[in-house]
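What follows is each chain in one-letter form.
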Amino acid sequence: MAITDPIARIQSGLSDYCLNSIGWSISGQDLVIELSAPGNNQLRLKLTFIWATDVDVNLRFENRLMGSPMLWQSSVAADETTASGYKVMFDFAGAPTGYISFSCNQVKLAEI
């Protein structure tokens, strides 16, 4: 059975998922990240982070390295600086290494 709660889905581990895209919604307020499942699985996830702030993207493509970053781990924690919201972290390992971190008010999940 698929996990439909976006927070639980991220917490359950997205290890080995690949980053397909990162961008902003048309309104410019929401961060949208698309991931694909490892292997020949055709599963793709679209995660929309409502009112994303403090966005920090650090991916290191060294020595002509190319390809989709692969997730090592992901986390979502309650943002203790606000009454509601979350701190989100995606950590990439291998080729390339790096992270994406930010805060948001809400998380939405869709399979695409």
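In this report, we go over the structure that sits alongside the text. None of the values given here were measured: they were computed from a predicted structure.

### Structural notes on the overall build of the protein
Now for step 1: Looking only at helices and strands, one finds one helix and eight strands in the protein.
Now for step 2: Secondary structure elements in the protein, listed N-terminal to C-terminal, are α-β-β-β-β-β-β-β-β.
Now for step 3: In terms of overall dimensions, the protein is globule-like: its C-alpha atoms have a radius of gyration of 14 Å, near the 13 Å expected for 112 residues.
Now for step 4: In terms of overall dimensions, the protein has C-alpha extents of about 40 × 35 × 25 Å along its principal axes.
Now for step 5: Here the contacts in the protein between residues at least 6 apart in sequence split such that 50% fall between residues at least 24 apart.
Now for step 6: Averaging the positions of the 7 positive and the 11 negative side-chain charges in the protein gives two centres separated by 7 Å.

### Regarding the side chain of Ser36
Now for step 1: Tracing the backbone through its elements, the reader meets Ser36 in strand S2 (residues 31–36).
Now for step 2: In this structure Ser36 comes out as buried when scored by relative accessible area, which is 15%.
Now for step 3: With near-sequence residues (within four places) excluded, Ser36 lies in contact with Tyr17, Cys18, Asn20, Leu43 and Arg44.

### Thoughts on unusual backbone geometry
Now for step 1: One non-glycine residue with positive phi stands out, namely Asp16, at about 75°.
Now for step 2: Note that Asp16 resides in the loop between helix H1 (6–11) and strand S1 (18–24).
Now for step 3: Given a relative accessible area of 37%, Asp16 falls into the partly exposed group.
Now for step 4: Phi at Trp51 is positive, roughly 55°, even though this residue is not glycine.

### Observations regarding the packing of aromatic side chains
Now for step 1: According to the stated counting rule, one finds two aromatic pairs in the structure shown.
Now for step 2: Both rings, one in Phe49 and one in Phe90, keep their centres 6.1 Å apart while their planes meet at 75°; by these two values the pair is edge-to-face. Taken together, the residues Phe49 in strand S3 (residues 44–50) and Phe90 in strand S6 (residues 86–93) connect sequence positions 41 residues apart. Residue Phe49 shares its accessibility class with Phe90, and that shared class is buried.

The rules behind each value
- Residues numbered from 1 in each chain as written.
- Predicted model: local features only at pLDDT ≥ 70, side-chain atom pairs only at ≥ 80, totals over all residues.
- Heavy atoms only, no water.
- Helix = DSSP H or I, 4+ residues; strand = E, 2+ residues; numbered from the N terminus.
- Rg over C-alpha atoms; globule rule 2.2 N^0.38 Å.
- Contact = heavy atoms within 4.5 Å.
- Lys, Arg positive; Asp, Glu negative; His and termini not counted.
- Charge placed at Lys NZ, Arg CZ, Asp CG, Glu CD.
- Buried < 20%, exposed > 50% of the residue type's maximum accessible area, 1.4 Å probe, protein only.
- Phe/Tyr/Trp six-rings, centres within 6.5 Å; stacked < 30°, edge-to-face > 60°.

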